[in-house]
Amino acid sequence: NALNETWTRGLRRRLVGSPLKKLDISVNLLFKSGTRYVLEALPDSCITTLNLNCTGVNIECASYFAALVKCKLERLIITGNKLKDNFIYAIKNYLAASSLVFLDLGYNMITELGCISLFEVLPKMRFIKEIVLDSNEISTTYYWNELPKGFICTRQQIGKSFYSYNIRRGHDAR
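The shown structure was predicted, so the numbers you read here are calculated from the model rather than taken from an experiment.

Caption draft 1: The pairing of strand S7 (residues 163-169), seen in detail. Bridge count for strand S5 (residues 130-132) against S7 is three bridges, and the pairing is antiparallel. Paired with Glu130 across the bridge in S7 is Arg168. Looking at chain direction, strand S6 (residues 151-157) and S7 are connected through seven bridges and run antiparallel. When the bridges of S7 are listed, Gln157 appears paired with Tyr163.

The following block contains the structure:
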């Protein structure tokens, strides 16, 4: 489904001041303007969980993620959007200043370079407990030695050539 600009603008108005804690608008094409309306409403809402799975989020939407710095969002799911490494690089400073506890970046064509961008900001992400990187284009674990102290990564095969990577803040981490 494609959500038109009028609908997403109306959603923004309804979110401001709403007691709603979870917003799942997955599998709807938000386009650039829809993503903007939703993300810009976050600082004035009570949303703590946002699911943007398969919504067409892309590099053109990266600047709207600045809203993460000013909102109460704890869980962000942006799976299945083909975001690639340049998106991770573009939003890494917003992630660093966010209150996110959980971030799911699965199925986004992220490579080792995107992981390195994440590793750079992990120590600044004070609240983060878990990052999921399922079924991306991570072909080697060579760069995992760049993982900051205090974090651990687990890898599990979930298909013939796909792996699940979970990064967690851990007490037993190196």
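Caption draft 2: Structural context of helix H3 (residues 84-96). With 13 residues, H3 extends 18 Å between its outermost C-alpha atoms, agreeing within 8% with the 18 Å of an ideal straight helix rising 1.5 Å per residue. Along H3, the sharpest change in direction is near 40 degrees and occurs at Ala90. For H3, the full list of buried residues reads Asp85, Phe87, Ile88, Ile91, Lys92, Leu95 and Ala96.

Caption draft 3: Up close: the pattern of salt bridges. In the structure shown here, the tally under the stated rule is three salt bridges. For Glu130, the salt bridge is made with Arg168, and the minimal N-O distance between the two is 3.1 Å. Of this pair, Glu130 sits in strand S5 while Arg168 sits in strand S7; the two residues are 38 residues apart in sequence, bridging distant segments of the chain.

Caption draft 4: Local environment of helix H4 (residues 112-121). Burial analysis of H4 places seven of its ten residues in the buried class, which makes it a mostly covered element. Among the residues making up H4, those that are buried are Glu112, Gly114, Cys115, Ser117, Leu118, Phe119 and Val121. Buried residues along H4 sit against H3, S5 and S7.

Caption draft 5: Just the side chain of Asn81, in detail. In this structure, Asn81 sits in the loop between strand S3 (75-77) and H3. Separated by 2.9 Å, the side chain of Asn81 and the backbone nitrogen of Gly56 make a polar contact. Every residue in contact with Asn81, bar those within four places of it in the chain, is listed here: Leu52, Asn53, Cys54, Thr55, Gly56, Val57, Tyr107 and Asn108.

What counts, and at which threshold
Residues numbered from 1 in each chain as written. Predicted model: local features only at pLDDT ≥ 70, side-chain atom pairs only at ≥ 80, totals over all residues. Heavy atoms only, no water. Pairing = 2+ DSSP bridges. Helix = DSSP H or I, 4+ residues; strand = E, 2+ residues; numbered from the N terminus. Expected span 1.5 Å × (residues − 1). Bend = angle between axes of the 7 residues up to and from the residue. Buried < 20%, exposed > 50% of the residue type's maximum accessible area, 1.4 Å probe, protein only. Salt bridge = Lys/Arg side-chain N within 4 Å of Asp/Glu carboxyl O. Contact = heavy atoms within 4.5 Å. Polar contact = N/O pair within 3.5 Å; in protein donor to acceptor, adjacent residues only side chain to side chain.

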